[in-house]
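# Coordinate analysis (summary)
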Amino acid sequence: MAIVTKSEIGAPEGDESASPPRVASAPRLGSFFRRPTVWLVFCLVVIAGVIAAMRARGPVVATSKVLRTDLEQHIVASGRVWVVTRFQLSPQTSGRVMSVRVVEGQRVRAGDLLVQINDEEANAAVSEARAMVSQSTARVLQGREVGATVATEASTQAETNLADAQKNLARIEKLVASGDIARADLDEAQRNYQVALSRKKAADAQQVAAMPTGADSRLVEGALIESQSRLSAALVRLQQTRLLAPQTGIILKRTVEPGAIVQPGTTLIEMAASGETQLVIEPDERNLGWIRVGQMAHATADAYPKETFEAEVSYIAPAIDPQRGSVQVRLRVPKPPGFLKPDMTVSVDLTVASKAKVLTVPSDAVHGMATPNPWVFVINQGSLERRLVQLGIRGEGQTEIESGIDEGAEVVRSTDQALLPGQRVRAQPEGR
């Protein structure tokens, strides 16, 4: 027998006691969030809202106030101790080095012996030349004292003989004319007279030659001069075997040892002459407009970084090095420290300008500093504003602002963020 339930046959029409029909209930909130897609959409909406809010406020940027401070501009450059006069000494003769009298770093006086080359042959040549001078000097003295006397005596004797021959000739001529003697005696007397006359002329010539201006005197004096010249040349060759210090100074380099064979032109010793100590630096040519003769600087040697000494600009080169784009500047050192040595590396801090109570901003806040139109970002009511500025001197990390912004303005420091004028930003003042 089939059983029929009440729900299947339904309640009789008009029966109020019958149960009302079921209605489907709304889904609960928990079941709504249990769906992954809903969660994803909700998160995206929240993130978008946060991003929109942050964009509305702008990125955080580091800022600094425009302040009024004292400012100095410095040029810091590396350089070296400049050697005013440097000598490269080489021999003028070849030979074997017998001794080297100096070492590197040694101070020497002008005329000190530095290198001795074998001088035996040169000494022998000097001795020979001196002997020749002695002989020539003796001949000159002999000619002046003995030769002149002999020539004078000979001339006097010849004159006496000539007078006797002349008298004898006159006597014979009278006798021949009177017929007392033969003609042959007259011929003999005439020959004797001619011989006496020739001897007198020869004696006179010898006397003239023996005079200080005579030929014989000039000959022996010429020989003396020649021997003296040879002695001078020998002494020069002897001097060339000795390498001497041309000035007082310090030995920088020694490239020879005893026993070495040297040739003319080979550098054996390099030295620096003593004198005023100077430094040389080569700053960029863009700094040329700031540098003046007489400006003071503080310098330190790299080997002694804690020892500071003063220097003064004494020379600015008239031309620029086209290869480096730099200019040579020399500084004299009034009181050089004892440790300062030629060619030593130094660092020079040169004060080129100073001003009191000027408007300054951090240098990294200035854009286009090397261009004709530098500018800064100023925060105005939370937004960026680009301002052209006129720059003055530049100190360590600070730059003078001559015009364009006022004291107290807030400027944006250097940042890697891409910023645009009008963009909203959040300032983070320096020190926070």
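Rules behind the numbers
Residues numbered from 1 in each chain as written. Predicted model: local features only at pLDDT ≥ 70, side-chain atom pairs only at ≥ 80, totals over all residues. Heavy atoms only, no water. Helix = DSSP H or I, 4+ residues; strand = E, 2+ residues; numbered from the N terminus. Buried < 20%, exposed > 50% of the residue type's maximum accessible area, 1.4 Å probe, protein only. Pairing = 2+ DSSP bridges. Phe/Tyr/Trp six-rings, centres within 6.5 Å; stacked < 30°, edge-to-face > 60°. Lys NZ or Arg CZ within 6 Å of the ring centre and 35° of its normal. Polar contact = N/O pair within 3.5 Å; in protein donor to acceptor, adjacent residues only side chain to side chain. Salt bridge = Lys/Arg side-chain N within 4 Å of Asp/Glu carboxyl O. Core = buried A, V, L, I, M, F, W, Y, C linked by side-chain atoms within 4.5 Å. Contact = heavy atoms within 4.5 Å. pLDDT = per-residue confidence, 0-100.

## A few points about the overall build of the protein chain
- Check the secondary structure of the protein chain and you find six helices and 21 strands.
- Buried residues in the protein chain amount to 31% of all 432 residues.

## Some points on the sheet that holds strand E9 (residues 261–262)
- With antiparallel pairing, four strands are arranged side by side in an open sheet as E7-E6-E4-E9. Looking along the sheet, the strands with just one partner apiece sit at the ends: strand E7 (242–244) and E9.

## Some remarks on the pairing of strand E1 (residues 60–65)
- As judged from the four bridges shared by E1 and strand E21 (residues 426–429), these two strands associate in the parallel manner. Bridge pairing in E21 places Val-60 opposite Arg-426.
- Of the strand pairs in this sheet, E1 and strand E20 (residues 410–412) are connected by three bridges, and their pairing is antiparallel. Its bridge partner being in E20, Lys-65 is matched across the sheet by Glu-410.

## Let's talk about the packing of aromatic side chains
- Under the counting rule described, the total for this entry stands at two aromatic pairs.
- Where Trp-375 meets Phe-377, the ring centres are 5.0 Å apart and the plane angle is 80 degrees; that geometry is what we call edge-to-face.
- For Trp-375, a relative accessible area of 15% translates into the label buried.
- Cation over ring: Arg-330 sits above Trp-82, and NZ or CZ is 4.0 Å from the ring centre.
- Note that Arg-386 overlies the ring of Trp-375, its terminal NZ or CZ placed 4.2 Å from the centroid.

## Some details on unusual backbone geometry
- Positive phi outside glycine occurs at Lys-357, with the angle close to 55 degrees.
- Examined against the element boundaries, Lys-357 turns out to sit in strand E15 (residues 345–362).
- In this structure, Gln-381 is a non-glycine residue whose phi angle is positive, near 55 degrees.
- Its location among the elements puts Gln-381 in the loop between strand E16 (375–380) and strand E17 (383–388).

## Details of the side chain of Ser-99
- When you line up the elements, Ser-99 lands in strand E4 (residues 95–100).
- Overall, the relative accessible area of 18% leaves Ser-99 in the buried class.
- A polar contact of 3.2 Å, which involves the side chain of Ser-99, links it to the side chain of Arg-101.

## Let's talk about the pairing of strand E12 (residues 296–301)
- Direction of pairing for E12 relative to strand E13 (residues 304–316): antiparallel, over a ladder of six bridges. For Thr-300, the partnering residue across the bridge sits in E13 and is Thr-308.
- Bridge analysis of E12 against E15 gives five bridges, and the strand direction is antiparallel. Following the sheet pairing, Ala-301 is matched in E15 by Val-346.

## Here's the deal with the pattern of salt bridges
- This structure, assessed with the given rule, holds 13 salt bridges.
- Here Arg-286 makes a salt bridge to Asp-284, at a shortest N to O gap of 3.1 Å.
- The exposure class of Arg-286 is exposed, given its relative accessible area of 67%.
- Overall, Asp-284 belongs to the partly exposed group, its relative accessible area being 32%.
- Here Glu-402 makes a salt bridge to Lys-355, at a shortest N to O gap of 3.7 Å. Of this pair, Glu-402 sits in strand E19 (residues 398–403) while Lys-355 is found in strand E15, placing the two residues 47 residues apart along the sequence.

## As for the nonpolar core
- Counting 24 residues, the largest nonpolar core has Leu-279, Leu-331, Leu-340 and Val-348 as its most contacted members.
- Of all the secondary structure elements, the ones that give two or more residues to this core are strand E2 (67–82), strand E11 (278–281), E12, E13, strand E14 (329–332) and E15.
- No other element matches the four residues that E15 contributes to this core.
- Excluding its chain neighbours within four sequence positions, the residues that come into contact with Val-348 are Ile-75, Val-76, Ala-77, Leu-279, Ile-281, Ala-297, His-298, Ala-299 and Leu-331.

## Topic: the environment of Ala-353
- Considering the arrangement of structural elements, one finds Ala-353 in strand E15.
- With 280 residues separating them in the primary sequence, Ala-353 and Gln-73 have C-alpha atoms 5.1 Å apart.
- Once residues within four sequence positions are removed from consideration, Ala-353 is found in contact with Leu-71, Glu-72, Gln-73, Trp-290 and Ile-393.

## Topic: the sheet that holds strand E5 (residues 107–108)
- Spatially, E3-E10-E8-E5 is the arrangement adopted by the four strands of the open sheet, whose pairing is antiparallel. A strand with exactly one partner marks an edge of an open sheet, and here the two such strands are strand E3 (86–89) and E5.
- Here E3 pairs with strand E10 (residues 269–273) via four bridges, running antiparallel. Its bridge partner being in E10, Arg-86 is matched across the sheet by Ala-272.

## Some words on the confidence of the model for the protein chain
- Of all residues in the protein chain, 76% attain a pLDDT of 70 or more, and the chain-wide mean is 80.
- In the predicted structure, residues 1–26 sits below a pLDDT of 50 and forms three contacts with residues beyond four places in sequence or in another chain.

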